[in-house]
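Descriptive structure summary
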Amino acid sequence: MIQFDQVSKRYPTGQIGLEDTSFQVDRGEMVFLTGHSGAGKSTLLKLIMLMERATQGQVRVGGRNLRSMGRSQIPALRREIGVVFQNHQLLFDRSVFENVALPLQIAGYSAQDTGKRVRAALDQVGLLDKEKLSPIALSGGEQQRVGIARAVVHKPSLLLADEPTGNLDPKLSAEIMALFERFNQVGVTVLIASHDLALIARMRHRVLTLKEGRLVADG
Amino acid sequence: MVDSGRGASRTKNTIRGATATPRRSSADERRAVEAKSRKKFQVRRKARPDSSERVSGALLHHQQMCRQSLSRLASTPVASLMTCLVMAIALVLPSVMMVAVNNIKQLSAGWDGTPQLTLYLRTNSEPVELMKRLSADSRIESLVYLSADQALAEFEQYSGLADITAQLDNNPLPAILVLRPELGALQGDGGGKLVAEMQALPQVDLASLDLEWIERLRQILQLTERASWLLATLLAMAVLLVIGNTIRLAIENRRSEIVVIKLVGGSDAYVRRPFLYTGLWYGASAGLIAAFLVQVLVLLVEGPAERLAELYQSRFELQGLGLEATLLLVVSGALLGWCGAWLASFRHLRDIEPR
Ligand SMILES: Nc1ncnc2c1ncn2[C@@H]1O[C@H](COP(=O)(O)OP(=O)(O)O)[C@@H](O)[C@H]1O
Ligand SMILES: [Mg+2]
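Definitions and limits used
- Residues numbered from 1 in each chain as written.
- Chains lettered and ligands numbered in written order.
- Predicted model: local features only at pLDDT ≥ 70, side-chain atom pairs only at ≥ 80, totals over all residues.
- Heavy atoms only, no water.
- Helix = DSSP H or I, 4+ residues; strand = E, 2+ residues; numbered from the N terminus.
- Buried < 20%, exposed > 50% of the residue type's maximum accessible area, 1.4 Å probe, protein only.
- Contact = heavy atoms within 4.5 Å.
- Rg over C-alpha atoms; globule rule 2.2 N^0.38 Å.
- Areas by Shrake-Rupley, 256 points an atom, 1.4 Å probe, with all protein chains shown as cover.
- Lys, Arg positive; Asp, Glu negative; His and termini not counted.
- Charge placed at Lys NZ, Arg CZ, Asp CG, Glu CD.
- Pairing = 2+ DSSP bridges.
- Axes fitted to C-alpha atoms, helices over the stretch in contact; angles between N-to-C directions.
- Salt bridge = Lys/Arg side-chain N within 4 Å of Asp/Glu carboxyl O.
- Core = buried A, V, L, I, M, F, W, Y, C linked by side-chain atoms within 4.5 Å.
- Domains from an automatic or database assignment.
- Patch = residues over 30% accessible without salt bridge, like charges linked within 9 Å, V, L, I, M, F, W, Y side chains within 5 Å.
- Disulfide = S-S within 2.5 Å.
- Left-handed = near helix turned anticlockwise from the far one by under 90°.
- Nonpolar A, V, L, I, M, F, W, Y, C, P; charged D, E, K, R; others polar.

Here's the deal with the overall build of chain B
Secondary structure assignment for chain B yields 12 helices and 4 strands. In chain B, which comprises 355 residues, the share counted as buried stands at 37%. At a minimum sequence separation of 6, the contacts of chain B that also span at least 24 residues come to 80%.

Section: the overall build of chain A
Broken down by element type, chain A carries 7 helices and 10 strands. For chain A, the C-alpha radius of gyration of 17 Å lies close to 17 Å, the compact-globule estimate for 219 residues. C-alpha atoms of chain A, sized along the principal axes, occupy 45 × 40 × 35 Å. Out of the 219 residues in chain A, the part that is buried amounts to 59%. If you take every contact in chain A between residues at least 6 apart in sequence, the share linking residues at least 24 apart comes to 69%. When the accessible area of chain A is evaluated, it comes to approximately 8,900 Å², of which 49% is carbon and sulfur surface. Here chain A carries 28 positive and 22 negative side-chain charges, and the mean point of each set is 5 Å from the other.

Examining the sheet that holds strand E3 (residues 176–181) of chain B
Residues and elements named next belong to chain B. Spatially, the 4 strands line up as an open sheet ordered E2-E3-E1-E4, and their pairing is antiparallel. Across the chains shown, the open sheet's two edge strands, defined by having one partner strand only, are strand E2 (140–146) and strand E4 (204–209). For this sheet, the mean inter-axis angle between neighbouring strands, taken without regard to orientation, is 20°. The sheet contact formed by E2 and E3 spans 6 bridges and is antiparallel.

Here's the deal with unusual backbone geometry
Residue and element names in this part refer to chain A. For Asp20, which is not a glycine, the phi torsion comes out positive at approximately 45°. With respect to the element layout, Asp20 can be found in strand E2 (residues 16–25). The phi dihedral of Glu212 is positive, around 50°, even though this residue is not glycine. Within the secondary structure, Glu212 is located in the loop between strand E9 (206–211) and strand E10 (214–218). According to the relative accessible area criterion, Glu212 is exposed, its value standing at 67%.

With respect to the pattern of salt bridges
As a working rule, side chains carrying opposite charge can pair if their charged atoms are close by. On inspection of all chains with the given rule, the structure shows 17 salt bridges over all chains. Ionic pairing is found between B:Asp268 and A:Arg71, a salt bridge with its closest N-O pair at 2.6 Å. Remark: A:Arg71 occurs in the loop between strand E5 (64–65) and helix H2 (74–79) and B:Asp268 occurs in helix H11 (residues 268–311); the pair is interchain, linking two chains. On the basis of relative accessible area, B:Asp268 is assigned to the partly exposed category, the value being 30%. The class of A:Arg71 is partly exposed, set by a relative accessible area of 31%. We note a salt bridge from A:Lys130 to A:Glu142, for which the minimum N-O separation is 2.7 Å. With A:Lys130 in the loop between helix H4 (111–124) and helix H5 (140–152) and A:Glu142 in helix H5, this pair connects stretches of sequence that are 12 residues apart. Relative accessible area serves as the criterion here: at 16%, A:Glu142 is assigned to the buried category. Three or more residues are tied together by salt bridges with common partners; here these are A:Arg71, B:Lys262, B:Asp268 and B:Glu353.

Things to note about the nonpolar core
Residue and element names in this part refer to chain A. Membership of the largest hydrophobic core comes to 75 residues, with the highest contact counts inside it found for Ile2, Phe4, Leu44, Ile48, Leu160 and Leu191. Leu191 has contacts with Ile2, Val31, Leu33, Leu44, Leu45, Ile48, Leu159, Leu160 and Ala161, leaving out every residue within four places of it along the chain. With 38 residues, the next largest nonpolar core counts Leu138, Ala149, Met177 and Val207 among its residues.

Things to note about the domain arrangement of chain B
The extent of an interface is frequently quoted as the accessible surface area lost upon association of the parts. We note that the domain assignment places domain 1 (59–110 + 216–351) and domain 2 (117–209) within chain B. Between the C-alpha centres of domain 1 of chain B and domain 2 of chain B the distance comes to 51 Å.

Topic: a nonpolar patch on the surface
All names here are of chain B. Taken together, the side chains of Val96, Phe292, Val296, Leu297, Leu300 and Val301 define a hydrophobic patch exposed on the protein surface, amounting to about 520 Å² of accessible area. Residue contributions to the nonpolar patch peak at 5 residues, all from H11. Mapped onto the elements of the fold, Val301 is located in helix H11.

Comments concerning the side chain of B:Arg254
All names here are of chain B. Considering the arrangement of structural elements, one finds Arg254 in the loop between helix H9 (211–253) and helix H10 (255–263). Judged by its relative accessible area of 10%, Arg254 is buried. Leave out the neighbours within four places in its chain, and Arg254 touches Gln68, Arg72, Pro274 and Phe275.

Focus on the sheet that holds strand E4 (residues 56–61) of chain A
Residue and element names in this part refer to chain A. Taken together, 4 strands build an open sheet; the order of strands is E2-E1-E4-E5 and the sheet is antiparallel. Looking at the sheet topology across the chains shown, the edges are occupied by E2 and E5. Where strand E1 (residues 2–10) lies against E4, 5 bridges are found, and the strand directions are antiparallel. Its bridge partner being in E4, Gln3 is matched across the sheet by Arg60. The sheet contacts of helix H1 (residues 41–48) involve E1, E2 and E4, and relative to E1 the element is tilted by about 120°.

Overview of the state of the cysteines
Disulfide: a covalent bond formed between the sulfur atoms of two cysteine residues. Residue and element names in this part refer to chain B. Taken as a whole, this structure holds 0 disulfides over all chains when the rule is applied. Considering cysteine sulfurs only, Cys66 is the nearest to Cys84, which forms no disulfide, with 15 Å between them. With a relative accessible area of 5%, Cys84 lands in the buried category. Cys84 provides the cysteine sulfur closest to Cys339, a residue in no disulfide bond, and the two sulfurs are 17 Å apart. Since its relative accessible area comes to 33%, Cys339 is described here as partly exposed.

A look at the packing of helix H3 (residues 96–107) of chain A against H4(A)
Residues and elements named next belong to chain A. Contact pair H3 / H4: the axes reach a minimum separation of 9 Å and the direction vectors enclose 115°. The two elements H3 and H4 meet at a crossing, and its hand is right-handed. Touching Val96, Phe97, Val100, Ala101 and Leu104 of H3 are Thr114, Gly115, Arg117, Val118, Arg119, Ala121 and Leu122, all from H4. The residue makeup of the contact of H3 with H4, split by class, is 8 nonpolar, 2 polar and 2 charged.

As structure tokens, then:
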């Protein structure tokens with residue numbers, strides 16, 4: 001599903017985001033990505049969704065080499081991937097429903113289909129009764145769950161999450177992680193960047209550890 | 001997965017067959033995962049909208065953006081109106097020039113085909129013989145004789161200067177013969193020859209063909225028309241710039257929204273759409289306001305213009321924009337708005353990328 005082949009990312013400012021990294025994530029796997037702040041976790045996720053481009057090496061997603069993808073092909077790639085951000089990237093001038101519906105609108109679903117799918121996604125994250133509210137009226141944990149609903153509403157085969165529990169207390173964090181596990185159980189490939197080592201240790205999944213841009217442990 | 005359609009299903013199968021070997025899992029687990037992903041694949045096939053649904057989805061988005069961008073403009077009425085007014089005024093200037101040109105054209109059209117040759121006769125000359133001779137001339141279609149007294153009466157009637165002429169001791173006006181030459185006789189230098197011939201007649205003091213000033217007027221009109229097109233082009237560029245700047249600000253204001261849309265896979269066309277409709281609405285409204293302003297100007301000068309026309313013995317009705325030109329103004333406004341928005345969004349949306 002994801003394949004990194006001696007990938008390096010050097011930012012224009014000279015900082016090294018990722019250095020000579022190779023690994024593979026298979027379809028249906030759930031994998032954690034960990035390491036200190038600045039180790040390159042976000043860089044790695046950004047390379048997968050072409051928010052950044054590798055300066056060296058090959059990144060493959062779903063069998064396609066991202067190097068050969070032009071600017072115009074990026075939206076189609078991102079529509080196949082669900083992404084959850086630490087700062088959730090919600091739009092506060094739209095309702096919860098409209099936020100979650102965004103990927104479906106972009107993909108061109110009918111209004112009726114959109115309604116059904118959005119409610120199904122909100123139901124999965126336990127926010128069905130909040131659809132008409134603005135995200136600003138929700139707690140941090142609820143906002144994160146809206147972000148997750150938006151990431152899965154179009155049933156992507158790959159789900160990425162960058163520090164999805166960064167701002168949450170341990171109980172909420174565990175709930176969010178359980179949610180990701182449920183998606184993984186229905187076949188979604190999940191890759192989560194997190195530095196919450198205690199939580200990751202309890203989850204018993206494969207863990208990739210980055211240090212200063214290099215992959216130092218896999219298992 | 002990444003590519004859609006039949007190609008994708010082949011890729012998926014090969015990936016599953018060749019490389020989908022979850023680490024540290026027994027054969028049983030592996031089979032379970034494969035069954036799961038197969039099941040998901042079937043679900044996903046149904047989940048994706050097919051191409052006709054996709055088209056109607058895009059149509060839906062067009063409809064939504066069309067409505068939404070209008071209500072956005074309406075939500076800040078004063079600011080929107082200001083922008084529209086600036087563009088409308090830019091559209092009014094060339095429109096007014098063209099309305100003026102059209103009216104003068106219409107005014108001169110009556111004279112176009114039937115130029116007059118006016119012969120001012122010497123005092124005390126005998127017109128009867130001259131008239132006989134001229135009627136026999138094949139180049140002259142018709143002729144009308146106005147004695148000095150008749151000429152004075154007509155002058156008094158149309159100028160309203162009867163009081164003044166009454167104080168004159170004798171009639172200063174000469175008797176005149178108004179000829180309508182055959183059109184054919186005026187072709188080439190025929191007109192000039194005819195005038196020279198008439199001028200040479202002993203009874204004639206002055207022969208004047210009114211074709212000359214009509215020709216001059218026509219050339220002035222042509223010049224004015226060309227100038228108003230030039231002006232229109234320049235001001236169209238001004239409209240483009242105004243729209244472009246307005247859209248640039250709108251894009252800046254909605255930066256975070258654009259970032260999110262790009263993050264979840266919105267194409268350039270999708271991101272651009274609301275701004276294009278905004279430009280369209282701005283332009284169309286500006287066109288409508290401009291048409292209204294032109295009509296107001298026409299109404300304001302209508303009275304004086306008709307009084308002026310009366311002085312020239314002409315029954316003349318000032319023409320406004322008319323339905324066709326109004327439509328043209330609105331449509332070209334909308335088109336300009338759309339183009340301006342396209343240019344601005346092409347330039348500025350590229351710079352907004354999620355980081
Ligand atoms: N846009 C950027 N421009 C320059 N350097 C960057 C940029 N993003 C990240 N970096 C650098 O790349 C390295 C890895 O950062 P990042 O991938 O954000 O790490 P993490 O997510 O693990 O905290 C850091 O040294 C960081 O300073
Ligand atoms: Mg990070």
